[in-house]
Amino acid sequence: MKIMGHPAAQIGLAAVGGIVFGLVVGDWAANLKFVGDLFIRLIQMSIVPLVMASVIVATGSMSGTGTGKIALRTFKWMIGFSVVAAVLAWLLSSLIQPGAGMVFSQSLDPSLEESAGEALGWQDTLLNFVSTNIFSAMSTATMVPIIVFSLLFGIALRSHINKTGDTGVLTFVDQIQQIVLTMIRLVMFIAPVGVFCLLAALAGDVGVSVVSTALSYLGTTLLGVLILFVLFVVVVTIRTRLDPRKLPGKLTEQTAIAVTTTSSAVTFPTVLKNTVEKVGVSQKVANFTLSIGLTMGSYGAVLNYMIVVMFLAQAGDISLSFGQIALGMGLAILLNMGTITVPGGFPVVAMFLATSLDLPFEAVGLLIAVDWFAGIFRTFLNVNGDTFVAMLVANADDEIDRDVYNGTKTVVAEEIDLDEYRDVMAQADRAD
């Protein structure tokens with residue numbers, strides 16, 4: 001019964017219990033909704049300080065290292081595949097409509113419907129990216145202006161550090177980030193109770209369609225992951241001319257660790273070792289590309305985040321404008337690229353996306369409940385996608401040893417200094 005001590009198992013059990021309870025008692029379960037709403041609000045209240053601190057620390061910590069051809073090729077492939085993942089998620093969600101069955105009998109917040117129905121011109125949309133009063137944007141949780149301000153603040157902070165060498169402000173903001181993360185960890189202790197109440201109320205209102213909706217969401221995510229994985233293999237095969245039939249044996253070990261731990265950070269040492277010793281990528285390219293990919297190569301996360309955006313919109317019967325869809329894709333990619341890292345787990349990410357795009361929160365509890373399964377799919381693609389990108393980057397400079405790939409030569413990877421990657425690993429672990 002040790003597994004029951006795992007938070008994911010507790011949330012999963014609470015989700016099942018909540019759905020069953022809601023289906024049995026029906027409309028009465030709505031009386032529990034306030035407890036679930038309290039859980040959501042406890043997460044919401046941390047989003048603004050967490051996003052601001054995360055963006056400022058990320059941009060303020062940039063030292064300008066890692067430039068050159070390898071960096072350029074790495075970012076090119078990562079950004080390219082991230083865009084493909086976001087577009088694929090939009091197409092699949094539009095086709096499958098994973099959230100369409102979740103039609104609420106309660107009326108949505110009128111402000112959400114009004115904001116979703118507004119169609120602004122591109123000039124007004126761009127102007128709204130910048131707030132005339134950052135405190136006003138913070139008070140209303142208007143996320144895009146907050147992000148823009150934080151990016152500029154972080155860049156200015158980096159310039160200040162370069163001139164004076166004083167890292168006091170950066171250290172202070174980093175400490176704020178760590179404290180807010182501790183707050184979120186405390187809130188997550190009551191996640192099973194919050195999820196139980198949210199899903200009980202949801203099941204009592206919506207009925208058995210809550211189950212089919214969860215399966216549609218997971219099915220859409222899994223289908224997207226499989227399509228992207230096949231696309232990776234096709235691109236790698238065309239560019240490198242290596243035999244794709246040898247890939248499964250080279251990816252089996254890291255895949256097994258990824259899907260059982262749902263953590264890119266835990267899998268990282270194995271990925272680095274296998275990419276050098278089994279795939280034949282040079283140590284130099286593997287070290288740089290895989291380290292960057294640990295936090296910026298989460299293609300499964302991009303796919304999943306965009307599906308979440310579409311799911312919440314469909315669940316609330318809200319038609320997103322082209323601008324809102326493009327913004328959703330941009331936020332999903334930026335969350336992945338590390339510039340806007342929102343640590344603390346999927347609940348924070350889901351609430352961040354809902355807040356940024358004025359989407360209803362009623363179905364977030366369902367997404368939290370099944371996120372362990374979605375996390376398996378995300379991590380599978382994140383981990384193996386990093387190896388594929390390393391192969392593409394190495395191939396451009398003839399840094400793949402084809403004899404190693406074909407199994408006729410043996411090399412040994414350098415010892416991995418885990419302390420060197422401790423911070424970046426921790427950041428990646430929170431993002432899976």
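Residues numbered from 1 in each chain as written. Predicted model: local features only at pLDDT ≥ 70, side-chain atom pairs only at ≥ 80, totals over all residues. Heavy atoms only, no water.

- The protein goes by Dicarboxylate/amino acid:cation symporter in an unreviewed UniProt entry, where it is assigned to Rhodococcus sovatensis.
- Turning to the protein, the UniProt annotation filed under Subcellular location (unreviewed entry) states: "Cell membrane". (UniProt positions renumbered as here; feature names shortened; annotations may be inferred.)

### With respect to the overall build of the protein
Stage number 1. For the protein, the count of helices and strands is 20 helices and 0 strands.
Stage number 2. When each of the 432 residues of the protein is scored for burial, the buried share is 51%.
Stage number 3. Excluding contacts between residues fewer than 6 apart, the proportion of contacts in the protein whose partners are at least 24 apart in sequence is 85%.
Stage number 4. Here the protein displays about 19,200 Å² of accessible surface, and carbon together with sulfur accounts for 65% of that area. (Helix = DSSP H or I, 4+ residues; strand = E, 2+ residues; numbered from the N terminus. Buried < 20%, exposed > 50% of the residue type's maximum accessible area, 1.4 Å probe, protein only. Contact = heavy atoms within 4.5 Å. Areas by Shrake-Rupley, 256 points an atom, 1.4 Å probe, with all protein chains shown as cover.)

### A short note on the packing of aromatic side chains
Stage number 1. Enumeration according to the criterion identifies 11 aromatic pairs in this entry.
Stage number 2. Seen in terms of ring centroids, Phe21 and Trp28 are 6.3 Å apart; in terms of plane orientation they differ by 70°. Their pairing is edge-to-face.
Stage number 3. You can call Phe21 partly exposed: its relative accessible area is 28%.
Stage number 4. Site record: aromatic cluster; members linked through ring pairs are Trp77, Phe81, Phe229, Phe232, Tyr299, Phe380 and Phe388.
Stage number 5. Between the NZ or CZ atom of Lys250 and the centre of the ring of Tyr405, over which it lies, the distance is 4.7 Å. (Phe/Tyr/Trp six-rings, centres within 6.5 Å; stacked < 30°, edge-to-face > 60°. Lys NZ or Arg CZ within 6 Å of the ring centre and 35° of its normal.)

### Some thoughts on the pattern of salt bridges
Stage number 1. Counted according to the given criterion, the structure contains 7 salt bridges.
Stage number 2. For Arg73, the salt bridge identified is with Asp397, shortest N-O distance 2.8 Å. With Arg73 in helix H3 (residues 69–96) and Asp397 in the loop between helix H18 (371–396) and helix H19 (402–405), the pair connects residues that are 324 residues apart, well separated along the chain.
Stage number 3. With a relative accessible area of 29%, Asp397 lands in the partly exposed category. (Salt bridge = Lys/Arg side-chain N within 4 Å of Asp/Glu carboxyl O.)

### Observations regarding the nonpolar core
The tendency in soluble globular proteins is for nonpolar side chains to be buried as a group.
Stage number 1. Formed by 115 residues in total, the largest nonpolar core has its most connected members in Tyr217, Val281, Leu312, Phe352, Leu353 and Met391.
Stage number 2. Tallying contributions element by element places helix H14 (residues 299–315) first for this core, with 14 residues.
Stage number 3. If we skip the residues at most four places from it in the chain, Leu312 touches Ala350, Ala354, Leu359, Pro360, Ala363, Val364 and Leu367.
Stage number 4. Ile56, Val57, Leu157 and Val173 belong to the second largest nonpolar core, which has 7 residues in total. (Core = buried A, V, L, I, M, F, W, Y, C linked by side-chain atoms within 4.5 Å.)

### Here we look at helix H2 (residues 33–60)
Stage number 1. When the terminal C-alpha atoms of H2 are compared, their 41 Å separation across 28 residues agrees well with the 40 Å that a helix rising 1.5 Å per residue should span.
Stage number 2. Largest kink in H2: about 35°, centred on Ile47, with the proline Pro49 one to four residues after it. (Expected span 1.5 Å × (residues − 1). Bend = angle between axes of the 7 residues up to and from the residue.)

### Quick notes on the side chain of Thr355
Stage number 1. Relative to the helices and strands, Thr355 resides in helix H16 (residues 346–356).
Stage number 2. In this structure the side chain of Thr355 is engaged in a polar contact, spanning 2.7 Å, whose partner is the backbone oxygen of Met351.
Stage number 3. Beyond its immediate sequence surroundings of up to four residues, Thr355 is in contact with Gln44, Ile47, Ala141, Met143 and Phe361. (Polar contact = N/O pair within 3.5 Å; in protein donor to acceptor, adjacent residues only side chain to side chain.)

### Description of a nonpolar patch on the surface
Stage number 1. Nonpolar side chains collect at one region of the surface, where Val16, Val20, Val24, Val25 and Trp28 lie side by side and expose about 480 Å² of accessible area between them.
Stage number 2. For Val16, the location among the structural elements is in helix H1 (residues 7–25). (Patch = residues over 30% accessible without salt bridge, like charges linked within 9 Å, V, L, I, M, F, W, Y side chains within 5 Å.)

### Considering unusual backbone geometry
Outside of glycine, negative phi angles account for most residues, and trans bonds account for most peptide bonds.
Stage number 1. A positive phi angle, close to 55°, is found at Gln97, a residue other than glycine.
Stage number 2. The topology assignment puts Gln97 in the loop between H3 and helix H4 (110–117).
Stage number 3. For Asp317, which is not glycine, the phi torsion reads 55° and is therefore positive.
Stage number 4. Tracing the chain through its elements places Asp317 in the loop between H14 and helix H15 (322–337).

### Things to note about the packing of helix H12 (residues 264–279) against H18
Stage number 1. Running from N to C, H12 and H18 cross one another at 35°; their axes reach a closest spacing of 10 Å. The two elements H12 and H18 meet at a crossing, and its hand is right-handed. Along the contact surface, H12 presents Ser264, Thr267, Val271, Thr275 and Val279, while H18 presents Thr379, Asn382, Val383, Thr387, Ala390 and Met391. (Axes fitted to C-alpha atoms, helices over the stretch in contact; angles between N-to-C directions. Left-handed = near helix turned anticlockwise from the far one by under 90°.)

### Structural notes on the packing of H3 against H18
Stage number 1. Relative orientation of the contacting elements H3 and H18 amounts to 140°, with a least axis distance of 9 Å. Judged on the interaxial angle alone, H18 and H3 are oblique. Every pair of crossing elements has a handedness; the one defined by H3 and H18 is right-handed. Contact residues: H3 offers Ile70, Arg73, Thr74, Trp77, Met78 and Phe81, while H18 offers Val389, Leu392, Val393 and Ala396.
Stage number 2. Split by residue class, the contact of H3 with H18 holds 8 nonpolar, 1 polar and 1 charged. (Parallel < 35°, antiparallel > 145°, perpendicular 65-115°, else oblique. Nonpolar A, V, L, I, M, F, W, Y, C, P; charged D, E, K, R; others polar.)

### Structural notes on the environment of Ala141
Stage number 1. Here Ala141 lies in the loop between helix H6 (134–139) and helix H7 (143–164).
Stage number 2. The sequence separation of Ala141 and Val48 amounts to 93 residues, and the corresponding C-alpha distance is 6.4 Å.
Stage number 3. Filtering out sequence-adjacent residues up to four positions away, Ala141 remains in contact with Val48, Ile146 and Thr355.

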